[in-house]
Amino acid sequence: MRIGTQISYSGGFAESVRDVVELEKAGLDVVTIPEAYSFDAVSQLGYVAAKTERVQLASGILQIYTRTPTLTAMTAAGLDFVSDGRFILGIGASGPQVVEGFHGVRYDAPLGRTREIVEICRQVWRRERVVHDGKHYKIPLPADQGTGLGKPLKIINHPVRERIPVQIAAIGPKNVALTAEIAEGWQPIFFHPERASEVWGEALAEGKAKRDPSLGELDVAVGVPVAIGEDVGHMLDWVRPVVALYVGGMGARGKNFYNELACRYGYEAEAKLIQDLYLDGKKEEAAAAVPAELLRAISLVGPKGQVKERLAALREAGVTTLQVTFLEPDPARRVGVVSELRELLS
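All of these numbers come straight from a predicted model, not from anything done at the bench.

Q: Is there a simple way to explain helix H3 (residues 69-82) in this structure?
A: Structurally, the α-helix is built with 3.6 residues per turn, so residues lying three or four positions apart point the same way. In a regular helix each residue adds 1.5 Å, so 14 residues correspond to 20 Å; H3 covers 20 Å between its end C-alpha atoms and thus fits that length. Regarding H3, the residues found buried are Pro69, Thr72, Ala73, Thr75, Ala76, Ala77, Leu79 and Asp80. Looking at the packing, one finds that the buried side of H3 touches helix H2 (41-51), strand E5 (87-92) and helix H5 (110-125). Aspartate 84 sits one or two positions beyond H3 and adopts a positive phi of about 55°.

Q: So what exactly am I meant to see when it comes to the nonpolar core here?
A: In a soluble, globular protein the nonpolar side chains are often hidden away together inside. Grouped together as the largest cluster of nonpolar side chains are 101 residues, with contacts concentrated most on Trp125, Trp200 and Leu341. If we skip the residues at most four places from it in the chain, tryptophan 125 touches Ala73, Ala76, Ala77, Leu89, Pro159, Arg161, Glu162, Ile164 and Val166.

Q: I keep staring at the packing of helix H1 (residues 13-25) against H2 and nothing clicks. Help me out?
A: Two measures define how a pair of helices packs: the angle their axes make with one another and the distance between the axes. Where H1 contacts H2, the axes come no closer than 10 Å and their chain directions differ by 35°. Of the two possible hands of crossing, H1 and H2 adopt the one that is right-handed. Contacts from Phe13, Val17 and Val21 in H1 reach Gln44, Tyr47, Val48 and Lys51 in H2. Partitioned by chemical class, the residues of the contact of H1 with H2 number five nonpolar, one polar and one charged.

Q: Mind showing me how you'd approach the environment of proline 303 here?
A: Along the chain, the position of proline 303 falls in the loop between strand E11 (300-302) and helix H13 (304-316). For the pair formed by proline 303 and glycine 318, sequence separation is 15 residues and the distance between their alpha carbons is 23 Å. When neighbours within four sequence positions are excluded, proline 303 is seen to be in contact with Gly229 and Glu230.

Q: Is there a simple way to explain a nonpolar patch on the surface in this structure?
A: There is a patch of nonpolar side chains on the surface, built from Phe81, Val82 and Val160 and spanning about 290 Å² of accessible area. Within the secondary structure, valine 160 sits in the loop between strand E7 (138-139) and strand E8 (166-169).

Q: Is there a simple way to think about the pairing of E5 in this case?
A: In the case of a regular strand, side chains alternate between the two sheet surfaces. The element E5 is extensively covered by neighbouring structure, given that six of its six residues are classed as buried. Burial of the side chains of E5 extends over both faces: Phe87, Leu89 and Ile91 are buried on one face and Ile88, Gly90 and Gly92 on the other. Alignment of strand E3 (residues 56-59) against E5, held across two bridges, turns out to be parallel. In the strand pairing of E5, alanine 58 is matched with isoleucine 88. For the handedness criterion, the β-α-β arrangement of strand E4 (residues 62-63), H3 and E5 is classed as right-handed. Here three bridges tie E5 to E8, and the two strands are oriented parallel to one another. What sits directly across from leucine 89, in E8, is valine 166.

Q: What exactly am I supposed to notice about the pairing of E8 here?
A: Covered by surrounding structure in E8 are Val166 and Ile168 together with Gln167 and Ala169, the residues of both alternating faces. One ladder, built from three bridges, connects E8 with strand E9 (residues 185-187); its direction is parallel. Paired with isoleucine 168 across the strands is tryptophan 186, a residue of E9. Following the chain from E8 across helix H6 (residues 173-182) to the adjacent parallel E9, one finds a crossover that is right-handed.

Reading the values: rules and limits
- Residues numbered from 1 in each chain as written.
- Predicted model: local features only at pLDDT ≥ 70, side-chain atom pairs only at ≥ 80, totals over all residues.
- Heavy atoms only, no water.
- Helix = DSSP H or I, 4+ residues; strand = E, 2+ residues; numbered from the N terminus.
- Expected span 1.5 Å × (residues − 1).
- Buried < 20%, exposed > 50% of the residue type's maximum accessible area, 1.4 Å probe, protein only.
- Contact = heavy atoms within 4.5 Å.
- Core = buried A, V, L, I, M, F, W, Y, C linked by side-chain atoms within 4.5 Å.
- Axes fitted to C-alpha atoms, helices over the stretch in contact; angles between N-to-C directions.
- Left-handed = near helix turned anticlockwise from the far one by under 90°.
- Nonpolar A, V, L, I, M, F, W, Y, C, P; charged D, E, K, R; others polar.
- Patch = residues over 30% accessible without salt bridge, like charges linked within 9 Å, V, L, I, M, F, W, Y side chains within 5 Å.
- Areas by Shrake-Rupley, 256 points an atom, 1.4 Å probe, with all protein chains shown as cover.
- Salt bridge = Lys/Arg side-chain N within 4 Å of Asp/Glu carboxyl O.
- Pairing = 2+ DSSP bridges.
- Right-handed = clockwise from strand over helix to strand, strands pointing away.

Shown next, in the form of structure tokens:
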């Protein structure tokens, strides 16, 4: 199982990069940089590429609506170039509040667009002249939709790799099935190992049945808050506001993918309460309403023995990459956490 971490988009970027440099020495495998309606991830990924030597770099995620498919491919190829072949293209649909509210772009057909974008990216990386006649993207643009001067082109540079790994953030059954079919990696959120098979097993099986063997095994990259020790139990409460934000505030009533996930985990009443409180502006009450059982299931917080048991549950559920959120405030202690995780996984 690989160990990764995610840099926060809310601030402290320079400090986070200094942490990553030290974590890389301790054995960190992957660092992910998110892109919500924050600073863009691409410039930051380029900076991290220059400061590191071995660790893989992932976007987490580039939203599929905010760049053309070929620009996404060019960007991935550029980041793979400056990192000497260490880049993972993480993409996802995000949600209508961000896509329509911040970017002013219509949120439609996430499944169809994702499939076509991945197909187009792989054409670009193979240095083929890009020709795509899909439902959502037509390249070159047909003459009756433009000047008629467009012609098939291939990327000028030679990409470091013709197959850059694609990782898709997905939690809905249809999106998970698509991910298991076409992507190298899957990035779920709030992963509950004991209930993962019940929630996603059928979708994963459906997608894997259509999977090209050349893609290899699906990398399951799961985000987990981590603190290891005898006196860290209180840190579990620090996860509450994050879960409340997503389950309660990342979407409207009736259109919140994370709320739906909590319901599928069996927390229907709690999910409704969290959302009602959050949307009414009662954020602290919403955080307090997050079930402790759910927090324990999606985290690695506690003594070594307890964490080792949770790691075994994650491994049993098919997790291959841990995306660690360090709850420890001390940078030196975070380096120790990576070493301890390595020890517990051995």
